[in-house]
Amino acid sequence: MSKVLILPGDGIGKEIVAQALKVIDYLNENHNLGMELIHGLVGGSAYDETGSPLPQETLDAAHNCDSILLGAVGGYEWESLPRDLRPERGLLGLRSELDLFSNLRPAILYPQLASASTLREEIVSGLDLMIVRELVAGIYFGQPRGVEERNGEKFGFNTATYSESQIERIGHSAFQIAQKRNKRVCSVDKANVLEVCELWRDTMERVGKNYPDVELSHMYVDNAAMQLVRQPKQFDVMVTSNLFGDVLSDCAAMLTGSIGMLPSASLNKDNVGMYEPIHGSAPDIAGQDIANPLATILSVSMMLRYSLNQSDLADKIDQSIVKVLDQGYRTRDIASDGDNIIGTNEMGDRVVEALKG
Ligand code: IPM
Ligand code: MG
């Protein structure tokens with residue numbers, strides 16, 4: 001039995017996680033998935049009920065489970081709260097408390113969706129790249145930080161920090177993933193301007209010596225952003241810091257047609273993981289039955305692969321999603337002319353139907 005904490009969060013989080021639960025229930029009942037579910041609160045909805053975006057009860061449950069499935073956090077109604085109480089703090093707190101330093105964000109283009117990309121088909125067809133983002137350090141967490149009064153005006157500051165060991169461990173993650181793929185790592189930094197990135201680059205070089213079968217290259221982040229839209233298929237694994245990874249992964253997601261298709265895994269050294277779609281809570285479309293639940297369902301598949309050692313069932317989920325796309329069903333975000341547009345709920349049902357074979 002594996003114990004999985006379910007954290008729908010805010011906005012579309014609830015609707016998309018509900019679809020993933022249909023898949024989990026089906027596999028529990030019919031394929032010995034053996035998943036015990038615990039339900040918890042995080043983000044703005046947790047704040048509304050408990051006064052904290054990351055209640056102690058949620059944190060305790062997170063420490064005592066094998067994996068976490070998270071929907072999304074955030075929404076307009078919480079934007080004016082003090083920073084420590086905002087929904088995003090719940091997510092960042094979980095990442096940091098569980099030391100989920102290795103964030104895997106695969107960008108894969110489904111051939112069925114090639115025409116949904118805003119880029120020309122020949123640029124993106126066959127795209128399969130993996131962004132490995134450092135998730136618990138860098139400017140997101142560096143001290144000092146704040147806004148204070150200096151010389152009669154307000155002054156805002158954050159600090160980009162990385163220790164050698166923090167760079168080493170994300171480097172090892174990236175090289176080990178590349179070994180299972182096409183054996184190329186591109187490390188993305190801004191070493192021409194930032195000292196912290198100089199250390200990043202030197203450390204990546206050193207870690208790379210342990211993986212002679214993997215080819216290491218380096219790229220400045222501005223160029224990497226350009227190359228991602230110019231010739232994305234040149235990349236196999238990209239490894240980068242927390243902030244650069246945040247930006248580049250949204251860009252990579254869009255290459256695949258919709259940010260609604262991409263799952264992610266955030267792992268610690270024991271491979272305990274938090275799995276979530278890379279998109280946000282999309283409050284503008286919440287509750288309308290139009291959000292795409294596939295990134296969340298694919299996050300369940302990633303969980304089975306990376307944390308729970310059930311890759312046969314992960315394959316099954318992936319195949320049923322391909323099947324539904326082959327049948328021409330699309331949520332609005334991935335639809336082209338002539339597609340059969342369906343809602344969030346129906347997409348969940350269709351995936352379960354496809355699982356039945
Ligand atoms: C992401 C999100 C988060 C981040 C936000 C919601 C704090 O954009 O997971 O990419 O910046 O890491
Ligand atoms: Mg982001």
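See above for the structure.
Below: a short report on this structure. (Residues numbered from 1 in each chain as written. Chains lettered and ligands numbered in written order. Predicted model: local features only at pLDDT ≥ 70, side-chain atom pairs only at ≥ 80, totals over all residues. Heavy atoms only, no water.)

Focus: the sheet that holds strand β3 (residues 67-72)
- Taken in spatial order, the ten strands of this open sheet run β2-β1-β3-β12-β11-β4-β5-β10-β8-β9, and their pairing is mixed. The strands lining the two open edges of the sheet, one partner per strand, are β2 (35-39) and β9 (215-220). For this sheet the average axis-to-axis angle between neighbouring strands, irrespective of direction, equals 25°.
- Relative to strand β10 (residues 237-240), strand β5 (residues 128-134) runs parallel, the two being bridged by four bridges. The residue of β10 that forms the bridge with Val-132 is Val-239. (Pairing = 2+ DSSP bridges. Helix = DSSP H or I, 4+ residues; strand = E, 2+ residues; numbered from the N terminus. Axes fitted to C-alpha atoms, helices over the stretch in contact; angles between N-to-C directions.)

Regarding the state of the cysteines
- Counted according to the given criterion, the structure contains zero disulfides.
- For the unlinked cysteine Cys-251, the closest cysteine sulfur is that of Cys-186, found at 13 Å.
- According to the relative accessible area criterion, Cys-251 is partly exposed, its value standing at 24%. (Disulfide = S-S within 2.5 Å. Buried < 20%, exposed > 50% of the residue type's maximum accessible area, 1.4 Å probe, protein only.)

Quick notes on the site of ligand 1
- Within the structure, ligand 1 sits among Glu-88, Leu-91, Arg-95, Arg-105, Arg-133, Tyr-140 and Asp-246.
- One of the side-chain N or O atoms of Arg-95 is found 2.7 Å from an oxygen atom in ligand 1.
- Residue Arg-105 places a side-chain N or O atom 2.8 Å away from an oxygen atom belonging to ligand 1.
- For ligand 1, the accessible surface in isolation is 320 Å², of which the surrounding protein chains cover 77%.
- For the shell around ligand 1, the element with the highest residue contribution is helix α4 (residues 87-97), accounting for three residues.
- Residue composition of the shell around ligand 1, grouped by class: two nonpolar, no polar and five charged. (Near = heavy atom within 4 Å. Polar contact = N/O pair within 3.5 Å; in protein donor to acceptor, adjacent residues only side chain to side chain. Areas by Shrake-Rupley, 256 points an atom, 1.4 Å probe, with all protein chains shown as cover. Nonpolar A, V, L, I, M, F, W, Y, C, P; charged D, E, K, R; others polar.)

Things to note about the layout of surface pockets
- In this model, the largest pocket occupies a volume close to 840 Å³.
- Along the walls of the largest pocket sit 31 residues, with Leu-104, Met-130, Met-302, Arg-305 and Tyr-306 positioned nearest its centre.
- Looking at which domains feed residues into the lining of the largest pocket, each of domain 1 (1-101 + 268-357) and domain 2 (108-262) supplies at least three.
- What lines the second largest pocket is a set of 32 residues, and nearest its centre among them are Val-73, Glu-88, Leu-91, Tyr-140 and Asp-246.
- When residues in the lining of the second largest pocket are grouped by element, the largest group, six residues, is from α4.
- In terms of residue class, the lining of the second largest pocket is made up of 14 nonpolar, six polar and twelve charged.
- Shared between two domains, the lining of the second largest pocket holds at least three residues of each, these being domain 1 (1-101 + 268-357) and domain 2 (108-262). (1 Å grid on protein atoms, 1.4 Å probe; cavity = no way out; pocket = protein on both sides within 12 Å on 5 of 7 lines; lining within 4 Å. Points joined across faces, edges and corners; volume = space filled by probe spheres on them. Domains from an automatic or database assignment.)

What about helix α3 (residues 56-63)?
- Inspection of α3 places Thr-58, Leu-59, Ala-61 and Ala-62 among the buried residues, and these make up the whole buried set. Seen end-on, α3 carries its buried residues on one side only, within an arc spanning 160°. Within α3, the exposed residues directed more than 90 degrees away from the buried face are Gln-56 and Glu-57.
- Buried residues in α3 make contact with β1 (2-9), β3 and α4. (Arc of directions from axis to C-beta. Contact = heavy atoms within 4.5 Å.)

With respect to the side chain of Thr-256
- Relative to the helices and strands, Thr-256 is located in the loop between α9 (242-255) and β11 (263-267).
- What makes Thr-256 buried here is its relative accessible area of 1%.
- Side-chain polar atoms of Thr-256 contact the backbone oxygen of Ala-253, separated by 2.6 Å.
- Discounting residues that sit within four places of it in the chain, Thr-256 has contacts with Ala-107, Ile-108, Leu-109, Leu-113, Leu-127 and Leu-262.

Quick notes on the packing of helix α1 (residues 13-30) against helix α12 (residues 344-355)
- α12 packs onto α1 with a crossing angle of 20° between their chain directions and a minimal axis gap of 9 Å. Put simply, α1 runs roughly parallel to α12. The handedness of the crossing between α1 and α12 is right-handed. In this structure, α1 uses Glu-15, Ile-16, Gln-19, Lys-22, Val-23, Tyr-26 and Leu-27 to contact α12, whose residues at the interface are Thr-344, Asn-345, Gly-348, Asp-349, Val-351, Val-352 and Leu-355.
- Class assignment for the residues of the contact of α1 with α12 results in seven nonpolar, four polar and three charged. (Parallel < 35°, antiparallel > 145°, perpendicular 65-115°, else oblique. Left-handed = near helix turned anticlockwise from the far one by under 90°.)

Section: the nonpolar core
- Ranked by size, the top nonpolar core spans 87 residues in total, and within it Val-132 and Leu-294 carry the most contacts.
- Each of two domains, domain 1 (1-101 + 268-357) and domain 2 (108-262), supplies a minimum of three residues to this core.
- Every residue in contact with Val-132, bar those within four places of it in the chain, is listed here: Ser-102, Asn-103, Leu-104, Ile-170, Ser-173, Ala-174, Ile-177, Val-237, Met-238, Val-239 and Thr-240. (Core = buried A, V, L, I, M, F, W, Y, C linked by side-chain atoms within 4.5 Å.)

Some points on the packing of aromatic side chains
- Summed over the entire model, instances satisfying the criterion amount to three aromatic pairs.
- Consider the rings of Phe-175 and Tyr-211, whose centres lie 5.1 Å apart with planes at 5°: the pair is stacked. Of this pair, Phe-175 sits in helix α6 (residues 164-179) while Tyr-211 sits in the loop between α7 (195-208) and β9, and the two are 36 residues apart along the sequence. Both residues of the pair, Phe-175 and Tyr-211, belong to the buried class.
- Positioned above the aromatic ring of Tyr-140, the side-chain terminus of Arg-133 is 5.3 Å from the ring centre. (Phe/Tyr/Trp six-rings, centres within 6.5 Å; stacked < 30°, edge-to-face > 60°. Lys NZ or Arg CZ within 6 Å of the ring centre and 35° of its normal.)

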